[in-house]
Amino acid sequence: MSELTLMLIRFGYLAVLWIFVLSAISVIRSDMFGARVARQEADKRPKRGKAKATRPRRGDPTNVSILEGANRGEIISLEQAPLLIGRGTDAAIRLDDDYVSTRHARIARSDTQWYVEDLGSTNGTYVGTSRITQPTAISLGTQIRIGKTILELRK
């Protein structure tokens, strides 16, 4: 082989190696700090008037209970919904579980229905035995598995 061919192969190998290293760093950064989300102008504007507080109806869930996992026995109120679930310091439900992402899932209310949404986690969020890929309706007694932790909506 000529000198020029060997030099091009070396540069090509270095380029592929650097692309791999930079993509690995990007994955680690997004897992540690979460994905960047662009802020909308509506979030920056002050809201006018009073927001009407929705009272929970009879039979609606009022808290989330952790049934299994390192945080077993914890009960978190749904009053501050939407609730972020994950290992990050900004999570409302902070789970000590190696299989949970920094920003793993969110529990939110829309009108009278509660939903759980996976936030692009590595290991997924399960409602019952099904892995969810979009916001999924949940009700009283529905079990949500995140990593090795099982959560349930309760009154």
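Only a predicted model underlies this, so the values are computations on that prediction, with no experimental measurement involved.

How each quantity is defined
- Residues numbered from 1 in each chain as written.
- Predicted model: local features only at pLDDT ≥ 70, side-chain atom pairs only at ≥ 80, totals over all residues.
- Heavy atoms only, no water.
- Helix = DSSP H or I, 4+ residues; strand = E, 2+ residues; numbered from the N terminus.
- Buried < 20%, exposed > 50% of the residue type's maximum accessible area, 1.4 Å probe, protein only.
- Contact = heavy atoms within 4.5 Å.
- Areas by Shrake-Rupley, 256 points an atom, 1.4 Å probe, with all protein chains shown as cover.
- Phe/Tyr/Trp six-rings, centres within 6.5 Å; stacked < 30°, edge-to-face > 60°.
- Lys NZ or Arg CZ within 6 Å of the ring centre and 35° of its normal.
- pLDDT = per-residue confidence, 0-100.
- Core = buried A, V, L, I, M, F, W, Y, C linked by side-chain atoms within 4.5 Å.
- Salt bridge = Lys/Arg side-chain N within 4 Å of Asp/Glu carboxyl O.
- Pairing = 2+ DSSP bridges.
- Patch = residues over 30% accessible without salt bridge, like charges linked within 9 Å, V, L, I, M, F, W, Y side chains within 5 Å.

Helix and strand counts for the protein chain come out as two helices and 11 strands. Overall, the protein chain shows an N-to-C arrangement of helices and strands of α-α-β-β-β-β-β-β-β-β-β-β-β. Split into buried and exposed, the 155 residues of the protein chain put 29% on the buried side. Counted over contacts in the protein chain with a minimum sequence separation of 6, partners at least 24 positions apart contribute 38%. Of the accessible surface of the protein chain, which amounts to about 11,500 Å², a share of 54% is contributed by carbon and sulfur atoms.

What follows covers the packing of aromatic side chains. Each aromatic ring pair is described using two quantities: the centre-to-centre distance and the angle formed by the ring planes. Enumeration over the complete set of coordinates arrives at zero aromatic pairs. When the ring centre of tyrosine 126 is taken as reference, the NZ or CZ atom of arginine 145 above it lies at 4.2 Å.

Where the model shows low pLDDT, its predicted coordinates should not be examined in detail. Per-residue confidence for the protein chain gives a mean pLDDT of 78; residues scoring 70 or more make up 81%. Per-residue pLDDT stays below 50 along residues 49-53; that stretch engages in zero contacts with residues further than four places along the chain or on separate chains.

If you look at the biggest cluster of nonpolar residues, it comprises 20 residues, and the most contacted ones within it are Val64, Ile93, Ile107, Ile138, Ile146 and Leu151. Those elements giving two or more residues to this core turn out to be strand E1 (63-68), strand E3 (83-86), strand E5 (105-110), strand E6 (113-118), strand E10 (143-146) and strand E11 (149-154). Here leucine 151 is in contact with Val64, Ser65, Ile66, Ile85, Ile93, Thr142, Gln143, Ile144 and Ile146, once residues within four sequence places are set aside.

Moving on to the pattern of salt bridges. In this structure the tally under the stated criterion is two salt bridges. Linking arginine 103 and aspartate 90 is a salt bridge whose minimum nitrogen-to-oxygen distance equals 2.9 Å. Taken together, the positions of arginine 103 in the loop between strand E4 (93-94) and E5 and aspartate 90 in the loop between E3 and E4 put the pair 13 residues apart, joining distant regions of the chain.

Position of valine 116 relative to the elements: it lies in strand E6. Separated by 33 residues in sequence, valine 116 and leucine 83 have C-alpha atoms that sit 9.5 Å apart. Once you skip the residues sitting within four places of it in the chain, valine 116 turns out to touch Arg106, Ile107, Thr125, Val127, Ile132, Gln134, Pro135, Thr136, Ile138 and Ile144.

We now examine the sheet that holds strand E9 (residues 136-138). With mixed pairing, five strands are arranged side by side in an open sheet as E4-E3-E5-E6-E9. Two strands bound the open sheet, and with one partner strand each, they are E4 and E9. Inspection of the sheet shows E3 paired to E4 by two bridges, in the parallel sense. Residue pairing for E4: isoleucine 85 is matched across the bridge by isoleucine 93.

Once that is clear, we can look at a nonpolar patch on the surface. A surface patch of nonpolar side chains, about 1,100 Å² in accessible area, is lined by Met7, Phe11, Tyr13, Leu14, Leu17, Trp18, Phe20, Val21, Leu22 and Ile25. Within the element layout of this structure, leucine 22 appears in helix H1 (residues 3-33).

Covered by surrounding structure in E3 are Leu83 and Ile85 together with Leu84 and Gly86, the residues of both alternating faces. Of the pairings in the sheet, the one linking E3 to E5 comprises three bridges and is antiparallel in character. Paired with leucine 83 across the bridge in E5 is isoleucine 107.

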